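Spelled out, the chains give:
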Amino acid sequence: MAVTASTLPDNHLEPLVDFVIEDARWEEFGLEPLADQVVRQALTHLNLPAKGFTLCVMACDDTRIATLNADHRGKPKPTNVLSWPSDERASDSPGMAPDLPTPGEADDPEHLGDIAIAYDTCAREAAEAGKPMAEHVTHLVVHGFLHLLGYDHIDDADAELMESTETAILARMGLSDPY
C-alpha cells in the first residue's frame with residue numbers, strides 16, 4: 001500500500017521528528033505524520049531503531065528555502081529539500097555505506113540533523129512529473145534523511161549507492177523508483 005499524507009496509521013509512537021511549520025499549506029497537506037512514518041521506514045530499512053534518534057524538519061515556502069540555499073550553498077534560488085547533518089558520517093571511500101549513527105538514550109536521543117522542505121517547489125515538481133504530491137514528498141524526505149546519515153551524490157559511486165538505497169526504502173512503502 002502506498003504511503004499518503006492522509007492514510008497513515010495513528011500508532012501513538014513517541015515523536016521522532018520535530019517540526020517547524022512556517023507554511024500552513026504543509027499542515028493541510030499532512031507533512032507531520034507523513035514525514036514521521038517515512039523516517040521510521042527508512043530507519044527500519046537500515047536496521048536502526050526509531051528510539052534514540054531525533055531530527056527536525058522545517059516546512060517552508062520557496063522564499064525561505066531560497067534564502068537558506070543562498071546562505072548555506074551560495075545558490076540564491078529555491079530548491080525542493082535541503083539538509084544539515086549533525087555530524088559528518090560519510091564514508092571515506094566512494095560508493096561505500098556511511099558510518100551509521102549510534103542511538104542515544106531515550107531521554108537524550110542522538111540528533112541526526114535538520115531538513116528544510118519547500119512547498120512551492122515540491123508541488124510544482126510533482127505536477128510536472130504527473131505524480132501525487134505525497135509520493136514526491138515521501139521521496140524528498142527519504143532523500144534529505146539519507147543526507148543526514150552521510151549518504152551523498154557528489155560522485156557517481158556515491159550517487160548510485162544513495163539512489164539504490166532511496167529506491168529500496170520507497171519500495172518498502174509501495175512506491176516506484178523515482179529515478
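One can find the structure itself at the top, above this paragraph.
Treat the numbers as computed from the prediction; the structure is a model and nothing was measured. (Residues numbered from 1 in each chain as written. Predicted model: local features only at pLDDT ≥ 70, side-chain atom pairs only at ≥ 80, totals over all residues. Heavy atoms only, no water.)

A. Expanded view of the environment of P98. Inspection of the secondary structure puts P98 in the loop between strand 3 (81-85) and strand 4 (110-118). Counting along the chain gives 37 residues from P98 to E135, while the straight-line C-alpha distance between them is 26 Å. (Helix = DSSP H or I, 4+ residues; strand = E, 2+ residues; numbered from the N terminus.)

B. Geometry of the packing of helix 5 (residues 133-148) against helix 6 (residues 156-172). Helix 6 packs onto helix 5 with a crossing angle of 130 degrees between their chain directions and a minimal axis gap of 10 Å. In this view, helix 5 runs oblique relative to helix 6, as classed from their interaxial angle. Like other packed secondary-structure pairs, helix 5 and helix 6 cross with a definite hand, here right-handed. In this structure, helix 5 uses T138, H139, V142, H143, L146 and H147 to contact helix 6, whose residues at the interface are M162, T165, E166, I169 and L170. Looking at the contact of helix 5 with helix 6 residue by residue, the class counts come to 5 nonpolar, 5 polar and 1 charged. (Axes fitted to C-alpha atoms, helices over the stretch in contact; angles between N-to-C directions. Parallel < 35°, antiparallel > 145°, perpendicular 65-115°, else oblique. Left-handed = near helix turned anticlockwise from the far one by under 90°. Contact = heavy atoms within 4.5 Å. Nonpolar A, V, L, I, M, F, W, Y, C, P; charged D, E, K, R; others polar.)

C. Fine view of the nonpolar core. The biggest cluster of nonpolar side chains holds 40 residues, and the ones touching the most others in it are W26, F29, L31, L55, I117, V137 and F145. Where this core is concerned, the elements lending two or more residues are helix 1 (24-29), helix 2 (31-45), strand 2 (53-60), strand 4, helix 4 (119-129), helix 5 and helix 6. Look past the residues within four positions of V137 in its chain and what remains in contact with it is W26, F29, L31, L34, I117 and C122. Core analysis: the next-biggest nonpolar cluster, separate from the first, contains 7 residues, M58, I65, L68 and A118 among them. (Core = buried A, V, L, I, M, F, W, Y, C linked by side-chain atoms within 4.5 Å. Buried < 20%, exposed > 50% of the residue type's maximum accessible area, 1.4 Å probe, protein only.)

D. Region of interest: the packing of aromatic side chains. Under the counting rule described, the total for this entry stands at 2 aromatic pairs. Geometrically, the ring pair formed by W26 and F29 is edge-to-face, given 5.5 Å between the ring centres and 85 degrees between the ring planes. Here the residue W26 and the residue F29 both occupy positions in helix 1, the gap between them amounting to 3 residues, near one helical turn. Taken individually, W26 and F29 each receive the classification buried, so the pair is uniform in this respect. Each member of the aromatic cluster is reached from another via a ring pair, and the members are W26, F29 and Y119. (Phe/Tyr/Trp six-rings, centres within 6.5 Å; stacked < 30°, edge-to-face > 60°.)

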